[in-house]
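Breakdown of the fold
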Amino acid sequence: MNPEWHLRLAGALQIILALLHLTFPRRFQWAEELARLSPLNRQIFHVHTFFICVVLVMIGALSLLAPAALAEPTALSRLVLPGFATFWGLRLYCQWFVYDQALWRGQPFNTAVHVACTVLWSYLTAVYTLVWLSMP
């Protein structure tokens, strides 16, 4: 395993994921869905979505632009890598055990997205875990 190459790929994938969030409002009809919420809940939703994107870009940029620093066995990388692995591991858990399976089962497009997300979350979890565990 070439840790720096995988960290760069993980970084690029996370930045792409953040950019994909730009398509979510139309794809998921957020204008109509969120209109039913109170202004406070609607604003919280928008702010949280924005900050998820910011976090994805920050983790992605760090992984893409400074993979050697992340792979170097320092006190900081020994804290950051398991944090990133935990973040993506929890996201993988949510994919299978929080989202209702009825949202994707029997629906080809949603099933494909579910499988793609499972693969992506698994890959990101594995990259950060393996880089961390491979440190001397």
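Preceding block: the structure.
Quick look at the structure, then. (Residues numbered from 1 in each chain as written. Predicted model: local features only at pLDDT ≥ 70, side-chain atom pairs only at ≥ 80, totals over all residues. Heavy atoms only, no water.)

Re the pattern of salt bridges
For clarity, the cut-off: What counts as a salt bridge is simple: a side-chain nitrogen of Lys or Arg found within 4 Å of a carboxyl oxygen of Asp or Glu. Each helix is a run of DSSP H or I of at least 4 residues and each strand a run of E of at least 2, with the numbering of both proceeding from the N terminus. A 1.4 Å probe rolled over the protein chains alone gives each residue an accessible area, and that area as a share of the maximum for its type sets the label: buried under 20%, exposed over 50%, partly exposed in between.
In this structure the tally under the stated criterion is two salt bridges. The partner of Glu-4 in a salt bridge is Arg-8, with the nearest N and O atoms 4.0 Å apart. Separated by four residues within a single helix, Glu-4 and Arg-8 lie in helix α1 (residues 3-20), roughly one turn from each other. Among the salt bridges present, the one from Arg-36 reaches Glu-33, with a minimum N-O distance of 2.7 Å. Since its relative accessible area comes to 62%, Arg-36 is described here as exposed.

Comments concerning the packing of aromatic side chains
Test applied: Here is the rule: rings of Phe, Tyr and Trp (six-membered ring for Trp) pair when centre to centre is within 6.5 Å. Planes less than 30 degrees apart are stacked, more than 60 are edge-to-face, and the remainder are tilted.
A full pass over the atoms with the stated rule returns nine aromatic pairs. Here the aromatic rings of Phe-84 and Tyr-128 are separated by 5.2 Å at their centres, their planes lie at 75°, and the arrangement is edge-to-face. With Phe-84 in helix α6 (residues 75-97) and Tyr-128 in helix α7 (residues 108-133), this pair connects stretches of sequence that are 44 residues apart. With respect to burial, Phe-84 and Tyr-128 carry one shared label: buried.

Quick notes on the environment of Met-1
Residue position: Met-1 is located in the segment before α1. Taking the C-alpha atoms as reference points, Met-1 and Arg-91, separated by 90 residues in sequence, lie 24 Å from one another.

As for α7
Filter applied, for reference: Expected span of a helix, by definition, is 1.5 Å for each gap between consecutive residues, and there is one gap fewer than residues. Residue contacts are counted whenever heavy atoms from the two residues lie within 4.5 Å of one another.
Look at α7: 37 Å from first C-alpha to last across 26 residues, which is about the 38 Å you get at 1.5 Å a residue. Turning to α7, its buried residues are His-114, Cys-117, Thr-118, Leu-120, Trp-121, Leu-124, Thr-125, Val-127, Tyr-128 and Val-131. Those residues of α7 hidden inside the fold are in contact with α1, α4 (39-65), α5 (67-71) and α6.

Observations concerning the nonpolar core
Where we set the bar: Within this scheme, the nonpolar core is defined by two criteria: the residues are buried Ala, Val, Leu, Ile, Met, Phe, Trp, Tyr or Cys, and they are joined through side-chain atoms within 4.5 Å.
Core analysis: the biggest nonpolar cluster contains 21 residues, and Trp-88, Trp-121 and Tyr-128 have the highest contact counts within it. Every element with two or more residues in this core is listed here: α1, α4, α6 and α7. What Trp-121 contacts, discounting residues up to four positions off in sequence, is Leu-17, Trp-88, Arg-91, Leu-92 and Gln-95.

Observations concerning a nonpolar patch on the surface
Operational definition: Patch rule: a residue counts if its relative accessible area is over 30% and it has no salt bridge; like charges are joined within 9 Å, and nonpolar side chains (Val, Leu, Ile, Met, Phe, Trp, Tyr) within 5 Å. To measure how exposed things are, a 1.4 Å probe is used in the Shrake-Rupley method; for residues, cover is taken only from the protein chains shown.
Together, Tyr-93, Trp-96, Phe-97 and Val-98 make up an exposed nonpolar region whose accessible area comes to about 460 Å². Residue placement: Tyr-93 occurs in helix α6.

Section: the side chain of Thr-49
The residue Thr-49 is located in helix α4 in this model. Sequence-distant contacts of Thr-49, that is, excluding residues within four places in its chain, are made with His-21 and Trp-30.

Some details on the state of the cysteines
Here is the rule: Sulfur atoms of two cysteines make up a disulfide when they are within 2.5 Å.
Taken as a whole and judged by the stated rule, the model has zero disulfides. With no disulfide of its own, Cys-94 lies 12 Å from the sulfur of Cys-117, the closest cysteine sulfur.

So, the side chain of His-114
Structurally, His-114 can be placed in helix α7. Residue His-114 is classed as buried on the basis of its relative accessible area, which comes to 3%. The contact partners of His-114, leaving out residues within four places of it in the chain, are Gln-95, Trp-96 and Trp-104.

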